[in-house]
There are 2 protein chains.
Amino acid sequence: MTDRSKIVVIDDELEMRRFLKHSFDPAETEFFEADNGVEGLRVVARTNPDVVLLDLGLPDMDGIEVAKQLREWSQVPIIVLSARGREKDKIEALDAGADDYLTKPFGVGELLARIRVTLRHVSRVKGAIVEPVFEVGDLKVDLPKRRVLVNDVEVHLTPIEFKLLAMLIRHAGMVLTHRQLLIEVWGPAYSDETHYLRVYMGQLRHKLESEPARPKYITTEPGVGYRLLTE
Amino acid sequence: MTDRSKIVVIDDELEMRRFLKHSFDPAETEFFEADNGVEGLRVVARTNPDVVLLDLGLPDMDGIEVAKQLREWSQVPIIVLSARGREKDKIEALDAGADDYLTKPFGVGELLARIRVTLRHVSRVKGAIVEPVFEVGDLKVDLPKRRVLVNDVEVHLTPIEFKLLAMLIRHAGMVLTHRQLLIEVWGPAYSDETHYLRVYMGQLRHKLESEPARPKYITTEPGVGYRLLTE
DNA sequence: TGCGTCAGTCAAGATTTCGTCAAGATGGAC
DNA sequence: GTCCATCTTGACGAAATCTTGACTGACGCA
């Protein structure tokens with residue numbers, strides 16, 4: 001971490017953003033802010049920060065939803081800062097992909113210490129970062145914007161199709177087993193519904209491949225799963 | 001994480017240990033306990049757990065000290081469970097190497113959610129750092145990605161072929177008996193079907209060796225089994 | 001030499017898994 | 001309520017994989 005750490009704060013309260021801004025040393029930290037969820041996602045996509053501080057009570061969308069959407073294309077550590085102190089909220093946030101949960105009001109010292117912890121994790125993980133824009137052949141996928149282009153023409157994907165494709169992209173080049181895909185996209189209760197995969201892989205190929213019957217991108221590993229080719 | 005997760009609890013209060021023990025599903029979790037710091041360090045060393053739950057108020061040494069000593073040789077995630085709620089304690093613990101800090105009393109649900117978060121980190125790190133790519137001669141095998149290259153050209157293996165090769169690689173250089181291979185790949189009921197091995201070793205050689213009739217990699221140990229040469 | 005055992009090769013079914021199509025079922029917007 | 005996009009489910013031919021058996025050759029041994 002030779003460079004300054006980049007931090008994004010997503011919170012609608014101006015005072016909270018100011019308070020946080022003054023909690024960091026500008027010599028060590030680049031500070032970005034957003035006052036709603038949509039803007040927050042955009043800022044994260046643009047700045048590729050080291051940590052995201054996320055408030056749950058946003059004007060346009062729930063913070064949990066922001067965390068989930070972020071997790072579809074980014075591994076950035078998310079620390080939730082919330083006035084909601086109920087256990088249920090914490091569990092939900094953590095399971096949605098948050099890395100830590102602090103209940104307001106909190107001490108600056110503790111926040112900084114918890115940020116240090118997450119940065120420790122990141123430095124261990126680095127190398128597993130995924131570019132937010134995936135490109136191979138005629139296919140371009142901008143995960144944060146949820147846009148898919150084939151030959152520079154936008155293609156519409158349904159929610160499940162997109163989730164499937166995002167999962168394949170996050171592990172591009174690797175074989176993902178039927179089980180892994182089903183659990184990640186449909187949930188643990190669906191881990192045996194391999195038929196869903198056949199149907200949806202077919203739909204994806206139909207939308208993305210020039211020759212769906214002879215796929216260039218999404219290949220089948222018979223008896224095992226599927227793989228997205230990287231070149 | 002096919003196996004059960006291993007959890008070590010270091011806490012001097014018997015009730016707390018019992019409470020925690022009953023919070024986990026024994027089908028998913030192996031549970032170890034220690035009621036003081038020295039014993040705790042020993043248990044961690046012996047069991048190599050996935051998570052450590054650490055109380056700060058131990059009879060023989062301070063929990064912070066336990067965390068520091070642990071960090072000298074282990075990366076295992078540490079979640080501190082403490083009655084001390086002061087910010088100073090939290091900061092100290094987190095900077096000593098703890099990954100999270102929960103103030104007693106806490107809800108089981110939240111604890112479990114935070115454990116899930118740390119396990120998520122671990123599995124990410126494991127996948128990122130360990131790179132078990134096997135290489136010998138013209139043959140490259142990336143087990144996690146399930147990719148096999150011969151002369152940098154990808155070769156497709158069927159599920160059984162891949163399982164066989166993976167088994168050989170995990171024990172490269174050693175002789176694996178017919179029995180061992182059959183039990184591992186086909187299951188205990190097939191331990192006498194040596195004919196399967198002949199057929200599949202033939203197929204593997206055909207796909208991997210330049211001269212299948214005079215194999216460089218997969219050699220036969222007559223009457224015993226097969227061996228994958230390492231150089 | 002003749003016999004039995006073991007290993008390797010080949011290929012024909014048998015079986016499992018895939019891809020495709022399309023008809024309901026579902027659920028949200030209006 | 002209707003309409004629309006999406007998801008779920010079933011049916012069936014195609015493809016890949018697995019199993020099985022027949023045949024060959026190598027080797028050791030009586």
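Residues numbered from 1 in each chain as written. Chains lettered and ligands numbered in written order. Predicted model: local features only at pLDDT ≥ 70, side-chain atom pairs only at ≥ 80, totals over all residues. Heavy atoms only, no water.

A. Region of interest: the packing of aromatic side chains. For the structure shown, the criterion picks out 10 aromatic pairs over all chains. Seen in terms of ring centroids, W186 of chain A and Y200 of chain A are 5.5 Å apart; in terms of plane orientation they differ by 70°. Their pairing is edge-to-face. Taken together, the residues W186 of chain A in the loop between α7 (178-185) and α8 (194-208) and Y200 of chain A in helix α8 connect sequence positions 14 residues apart. For Y200 of chain A, a relative accessible area of 21% translates into the label partly exposed. An angle of 40° between the planes, with centres 6.1 Å apart, marks the rings of Y190 of chain B and Y196 of chain B as tilted. By relative accessible area, which is 29% here, Y196 of chain B ends up partly exposed. Site record: aromatic cluster; members linked through ring pairs are W186, Y190, Y196 and Y200 of chain A. Against the face of F162 of chain B rests R146 of chain B, its NZ or CZ located 4.2 Å from the ring centre. (Phe/Tyr/Trp six-rings, centres within 6.5 Å; stacked < 30°, edge-to-face > 60°. Helix = DSSP H or I, 4+ residues; strand = E, 2+ residues; numbered from the N terminus. Buried < 20%, exposed > 50% of the residue type's maximum accessible area, 1.4 Å probe, protein only. Lys NZ or Arg CZ within 6 Å of the ring centre and 35° of its normal.)

B. Spatial organisation of unusual backbone geometry. All names here are of chain A. The omega torsion of the bond from K104 to P105 falls at -5°, within 30 degrees of zero and hence cis. Here P105 shows up in the loop between β5 (100-103) and α5 (108-125). Its identity as a non-glycine residue notwithstanding, D152 has a phi of 65°, on the positive side. Position of D152 among the secondary structure elements: in the loop between β8 (147-150) and β9 (153-155). Given a relative accessible area of 57%, D152 falls into the exposed group.

C. View of the protein's contact with DNA strand C. With respect to spatial proximity, 21 residues lie near DNA strand C, and among them R205, T220 and Y226 of chain A together with T220 and Y226 of chain B are the closest. When atoms of DNA strand C within 4 Å of the protein are sorted by moiety, sugar and phosphate together comprise 59%. Measuring from a phosphate oxygen of DNA strand C, one finds a backbone N or O atom of G223 of chain A at 2.9 Å. Here a phosphate oxygen of DNA strand C sits 2.5 Å away from a polar atom, N or O, in the side chain of T220 of chain B. Sorting the residues of the surface near DNA strand C by element identifies α8 of chain A together with α8 (194-208) of chain B as the ones contributing at least two each. Ranked by residue count, the leading element in the surface near DNA strand C is α8 of chain B, at 5 residues. (Near = heavy atom within 4 Å. Polar contact = N/O pair within 3.5 Å; in protein donor to acceptor, adjacent residues only side chain to side chain.)

D. View of the pattern of salt bridges. As enumerated under the stated definition, the model contains 48 salt bridges over all chains in all. Residue K140 of chain A pairs with D152 of chain A through a salt bridge whose shortest N-O separation is 2.7 Å. Residue K140 of chain A is located in strand β7 (residues 139-142), and its partner D152 of chain A is located in the loop between β8 and β9; the two are separated by 12 residues in the primary sequence. Among the residues examined, K140 of chain A registers a relative accessible area of 27% and is labelled partly exposed. For D89 of chain B, the salt bridge goes to R86 of chain B, with nearest N and O atoms at 3.0 Å. For R86 of chain B, a relative accessible area of 53% corresponds to the exposed category. Because the salt bridges share partners, they merge into one network encompassing K90, D100, E110 and R114 of chain A together with K90, D100, E110 and R114 of chain B. (Salt bridge = Lys/Arg side-chain N within 4 Å of Asp/Glu carboxyl O.)

E. Region of interest: the environment of F32 of chain A. Residue and element names in this part refer to chain A. Within the secondary structure layout, F32 lies in strand β2 (residues 29-34). For the pair F32 and K21, spaced 11 residues apart in sequence, the C-alpha to C-alpha distance is 8.8 Å. Beyond its immediate sequence surroundings of up to four residues, F32 is in contact with K6, I7, V8, V9, V43 and T47. (Contact = heavy atoms within 4.5 Å.)

F. Inspection of the environment of D62 of chain A at higher detail. All names here are of chain A. Its place among the elements puts D62 in the loop between β3 (51-55) and α3 (63-71). Since its relative accessible area comes to 33%, D62 is described here as partly exposed. Apart from the residues within four sequence positions on either side, D62 is in contact with L56 and R84. Polar side-chain contacts of D62 include one of 2.8 Å to the backbone nitrogen of I64.

G. Summary view of the packing of helix α7 (residues 178-185) of chain B against α8 of chain B. Residue and element names in this part refer to chain B. At their nearest, the axes of α7 and α8 sit 10 Å apart, and the two run at 85° to each other. With respect to each other, α7 and α8 are oriented roughly perpendicular. On the side of α7, the interface is formed by H178, L181 and L182, while α8 contributes T194, Y196, L197 and M201. Classifying every residue of the contact of α7 with α8 by side-chain character gives 5 nonpolar, 2 polar and no charged. (Axes fitted to C-alpha atoms, helices over the stretch in contact; angles between N-to-C directions. Parallel < 35°, antiparallel > 145°, perpendicular 65-115°, else oblique. Nonpolar A, V, L, I, M, F, W, Y, C, P; charged D, E, K, R; others polar.)

H. Expanded view of the interface of chain A and chain B. Each partner contributes residues to the interface: chain A has 32 residues there, and chain B has 32 residues. Interface area, chain A with chain B, both sides summed: about 2,900 Å², of which 48% is carbon and sulfur. At the surface where chain A touches chain B, the tally comes to 8 salt bridges. A salt bridge links R116 of chain B to D95 of chain A; the nearest nitrogen and oxygen atoms lie 2.7 Å apart. At the boundary of chain A and chain B, one finds 23 residue pairs in polar contact (both at pLDDT 80 or more). If you list the elements that add at least two residues to the side of chain A that touches chain B, you get α4 (87-95), β5 and α5 of chain A. In terms of residue count, α5 of chain A provides more of the side of chain A that touches chain B than any other element does, 11 residues in total. Residues that form the side of chain A that touches chain B fall into these classes: 13 nonpolar, 7 polar and 12 charged. (Buried area = accessible area lost by both parts, 1.4 Å probe.)

Any link to function would need more than the numbers given here.
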